[in-house]
Amino acid sequence: MEAKDRIVLALDVDTAEEALALVKKLSGYVGVFKVGMQLYNSIGPSIVHRVHDLGGRVFVDLKLHDIPNTVASAAKVLTRLNTYMFNVHAAGGREMMRQAAAAAVSEAQRMGSDIPIVLAVTVLTSISQQELETEMYVSGLKVEELVVKWALMAQESGLGGVVCSPQEISPIRKACGPDFKIVTPGIRPLWSAPNDQKRITTPRQALEQGADYMVIGRPIIKAADPIAAAQKIIEELEG
Ligand code: C5P
């Protein structure tokens, strides 16, 4: 995979105009554009088509979590949009993930289109060990152990990969093997501000630990020169 294709640019902006300006500017320098809840829920599915019209691939980051039938129906809709990736919560369970993955395959085959990469969100990085125990009533497991168990369950359910924190790349890679896609946020080149991200890693470190894709927002979109920032990250990944 080319270095640029590993960069997933987080389109964390309010309007279609801002998002599409970033897509126009950066489609030669990043591989995938991430449309999250903010943008998708304000513009609607048309934002995905509009990014495609500009030649970009799209990761729709809606973190689906519902009964299996409902998630499978939503997975069909996201597959019809020709998304490159979308995600579901592993906490929705094995059957929910199995039906989501199967729905993506059958809908893509029906349309004759590419099968999207369906990713599992394991334990949100905002959840601490203490919250896991006292609010989610999961005891006797470290967050990292639960993350690896859920990554394996996602793989067994037919999902193509996971979204995880940089801390979890190595254990997941070890447990799930070379073909399971690992997508990680919390990426900060040495020259960029950490902002609110705490446990961060550089693009190069994430690659060396075994990440396939890196979700990067502010280091590129808030840079004085976003193209130069993306180019520097590409050079770091190639170096
Ligand atoms: O601007 P920044 O590079 O921090 O953006 C990271 C992106 O990854 C944001 O869209 C953020 O919501 C997302 N993300 C994250 N941490 C997680 C999961 C998703 O930063 N654990």
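It should be noted that the structure appears before, not after, this text.
Every chain is numbered on its own, with residues counted from 1 as its sequence reads. This being a predicted model, a pLDDT of at least 70 is required before a residue's local features are given, and a value of 80 or more before pairs of side-chain atoms are given or counted; all residues contribute to the totals for chains, interfaces and linings. Where side-chain values are given, they derive from all heavy atoms of the structure, hydrogens and water being excluded.

### Here we look at the pairing of strand β5 (residues 117-121)
Regular strands show a simple pattern: their side chains alternate between the two faces of the sheet. Among the 5 residues in β5, 5 count as buried, and that is most of the element. Across the two faces of β5 the burial is the same, with I117, L119 and V121 and V118 and A120 all buried. Strands were regarded as paired on the criterion that DSSP finds at least two bridges between them. A run of DSSP states H or I qualifies as a helix once it reaches four residues; a run of E qualifies as a strand once it reaches two. Both are numbered from the N-terminal end. Judged from the 5 bridges that link them, strand β4 (residues 85-89) and β5 form a sheet pairing that is parallel. Bridge pairing in β5 places V88 opposite A120. Following the backbone out of β4, through helix α5 (residues 94-111) and into the adjacent parallel β5, one traces a crossover that is right-handed. Relative to strand β6 (residues 161-163), β5 runs parallel, the two being bridged by 3 bridges. Across the sheet, L119 pairs through a bridge with G161, a residue of β6. Relative accessibility under 20% of the residue-type maximum defines a buried residue, over 50% an exposed one, and the middle range a partly exposed one, all with a 1.4 Å probe and only protein chains included. Handedness of a crossover: with both strands directed away from the viewer, a clockwise path from the first strand across the helix to the second marks it as right-handed.

### Details of the sheet that holds β4
Spatially, 8 strands are ordered β1-β2-β3-β4-β5-β6-β7-β8 in a closed barrel, and the strand pairing comes out parallel. Averaged over neighbouring strand pairs, the angle between their axes works out to 25 degrees when direction is ignored. By the bridge criterion, 3 bridges tie strand β3 (residues 58-64) to β4 in an arrangement that is parallel. Across the sheet, residue V60 finds its bridge partner in β4, namely F86. By definition in these notes, contact holds between two residues if any of their heavy atoms fall within 4.5 Å. As a rule, the C-alpha atoms of each element are fitted with a line to give its axis, helices using only the stretch in contact, and angles between N-to-C directions run from 0 to 180 degrees. Against the sheet, α5 contacts β3, β4 and β5, and its axis sits at roughly 160 degrees relative to β4.

On their own, these measurements won't tell you what the molecule is for.
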